[in-house]
Amino acid sequence: MRKLLFVLLGTLLLATTASVFAQQPDARGCQDHSLFTRMPGYWISSCKQVQFDSHAFEVAQGKKSEVEGQFWEISYAPNRDLTSTPSPLQISRNFQNAAQKLGGKVVFSVKAGGWTKDTLSLTRDGKEFWVEVWAEFTGKHGLRIIQKNAMKQDVVANAEVFRNDIRATGHAAVYGILFDTDRANIKPESAQAIGEIAKLLKADAKLKIVVVGHTDNSGSVEHNLKLSQDRAQSVMQALTRDQGIAAGRLKSYGCGQFAPVASNDNEDGKAKNRRVELVKQ
């Protein structure tokens, strides 16, 4: 009887242990992204979500593209009772197929040794998503997802700050003017900054300024020079067309990447270098 009891207790312990393994809980506060379900037999080992960040996605051999917006990072691990873990290629193909079923595409894919990495892009509900999928031979894999959008500019310098900067140094940096990526179209959320420049000019009828466009060092020199000139011209047109500033008080100039105020080796520095400046004529 005692022997039978030990056997029953042992069986119950094994069953309980297996049940615990099968129900490995996700890391606290983590969940799947709405774009994808998870591979069967997996749990989330770690996660991260940031309202605004950037990630460099591989788009070709030796070439990356920086994308900014809302950021998610999710890492998956196989449950301890999973008898057979999928290969990196199997994981890769699953996410590729899932993205393509949503109307997306595989931008770039690489397989080397015991790992794979894919860059996927897709649009859902009018929102553009970029996805990096990595997988290794252990079955562990993860996602880095950017929902592409521009940062909401919470702090915009006012006309008084511009006036003081121009008096002190002859120029003033404006960081509240946002453009479409790699284009000169001014985003609607730039209206407040444009309005403050107009307020500066209306308060001093004798003031004439050069609107100077600046870029970071991404892309060719020629491209950046043209882009910065086009953006400066767009700001000048917004001031004359929408704010009633006389065109004779304004000039535009594109400086490209040649007057950085911070290092272009990191994204924070690049963001500071992408700016519009007001220079007193």
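No experiment lies behind these values; they were computed from the predicted model shown.

### Considerations on the state of the cysteines
And step 1. In total, this model carries one disulfide according to the counting rule given.
And step 2. Across the disulfide, C30 is cross-linked to C47 (sulfur-sulfur distance 2.0 Å). What sets the handedness of the C30 and C47 disulfide is the S-S torsion sign, and at about -85° it is left-handed. Placement of the pair is C30 in the loop between α1 (2–22) and β1 (42–60) and C47 in strand β1, with a sequence separation of 17 residues.
And step 3. By relative accessible area, C47 is classed as partly exposed at 34%.

### Digging into the side chain of H55
And step 1. Turning to its location among the elements, H55 is positioned in strand β1.
And step 2. Given a relative accessible area of 16%, H55 falls into the buried group.
And step 3. At 3.1 Å, the side chain of H55 forms a polar contact with the side chain of E132.
And step 4. When neighbours within four sequence positions are excluded, H55 is seen to be in contact with S65, E66, V67, F71, E132, R144 and I146.

### Overview of the layout of surface pockets
Using a probe with the size of a water molecule, rolled over the atoms, empty space left in the structure can be pinpointed.
And step 1. If you add up the space inside the largest pocket, you get close to 1,400 Å³.
And step 2. Along its surface, the largest pocket is lined by 43 residues, and E68, T181, D216, E267 and R274 are the ones closest to its centre.
And step 3. Sort the elements by how many residues they give to the lining of the largest pocket and strand β2 (residues 63–78) lands first, with six residues.
And step 4. For the lining of the largest pocket, the residue count by class is 14 nonpolar, twelve polar and 17 charged.
And step 5. Approximately 180 Å³ is the volume found for the second largest pocket.
And step 6. Every residue lining the second largest pocket is listed: G29, C30, Q31, D32, H33, S34, C47, K48, Q49, W72, E73 and I74.
And step 7. Of all the elements in the fold, those that place two or more residues in the lining of the second largest pocket are β1 and β2.

### Points about the nonpolar core
Buried together is how nonpolar side chains tend to be arranged in soluble globular proteins.
And step 1. With 25 residues, the main nonpolar core has I177, I197, L201, I209, V235, L239 and L278 as its most contacted residues.
And step 2. Sorting the residues of this core by element identifies α3 (159–169), β7 (171–174), α4 (191–203), β8 (209–214), α5 (221–243) and β10 (275–280) as the ones contributing at least two each.
And step 3. Residue contributions to this core peak at six residues, all from α4.
And step 4. When sequence neighbours within four positions are dropped, the list of residues in contact with L278 reads F162, I166, G170, H171, A172, V174, I197, L200, I209 and V210.

### Quick word on the environment of A112
And step 1. Note that A112 resides in strand β3 (residues 105–112).
And step 2. A112 gets classed as partly exposed once you look at its relative accessible area, which sits at 29%.

### Section: the environment of E267
And step 1. Here E267 is to be found in helix α6 (residues 267–273).
And step 2. Sequence separation between E267 and H55 is 212 residues; the distance between their C-alpha atoms is 9.3 Å.
And step 3. In this view, E267 contacts S54, E66, E68 and R274; residues no more than four positions away in its chain are not counted.

### Some points on the sheet that holds β7
And step 1. Within the open sheet, the four strands sit side by side as β7-β10-β8-β9. Their pairing is mixed. The open sheet has two edge strands, β7 and β9 (250–256), and neither has a second partner. Averaged over all adjacent pairs, the angle separating strand axes in this sheet is 25°, with direction ignored.
And step 2. Relative to β9, β8 is paired through six bridges, and the arrangement is parallel. Its bridge partner lying in β9, G213 is registered against G254.
And step 3. The sheet strands contacting α3 are β7 and β10, and the helix crosses β7 at an angle near 140°.

### Quick look at the sheet that holds strand β6 (residues 141–148)
And step 1. Taken together, six strands build an open sheet; the order of strands is β1-β2-β6-β5-β4-β3 and the sheet is antiparallel. Each end of this open sheet is capped by a strand with a single partner; those strands are β1 and β3. Within the sheet, the average angular offset between the axes of one strand and its neighbour, ignoring direction, is 20°.
And step 2. The sheet contact formed by β2 and β6 spans eight bridges and is antiparallel. Residue W72 lies in a different strand from β6, and its bridge partner there is I145.

So, how was this worked out
- Residues numbered from 1 in each chain as written.
- Predicted model: local features only at pLDDT ≥ 70, side-chain atom pairs only at ≥ 80, totals over all residues.
- Heavy atoms only, no water.
- Disulfide = S-S within 2.5 Å.
- Helix = DSSP H or I, 4+ residues; strand = E, 2+ residues; numbered from the N terminus.
- Buried < 20%, exposed > 50% of the residue type's maximum accessible area, 1.4 Å probe, protein only.
- Polar contact = N/O pair within 3.5 Å; in protein donor to acceptor, adjacent residues only side chain to side chain.
- Contact = heavy atoms within 4.5 Å.
- 1 Å grid on protein atoms, 1.4 Å probe; cavity = no way out; pocket = protein on both sides within 12 Å on 5 of 7 lines; lining within 4 Å.
- Points joined across faces, edges and corners; volume = space filled by probe spheres on them.
- Nonpolar A, V, L, I, M, F, W, Y, C, P; charged D, E, K, R; others polar.
- Core = buried A, V, L, I, M, F, W, Y, C linked by side-chain atoms within 4.5 Å.
- Pairing = 2+ DSSP bridges.
- Axes fitted to C-alpha atoms, helices over the stretch in contact; angles between N-to-C directions.

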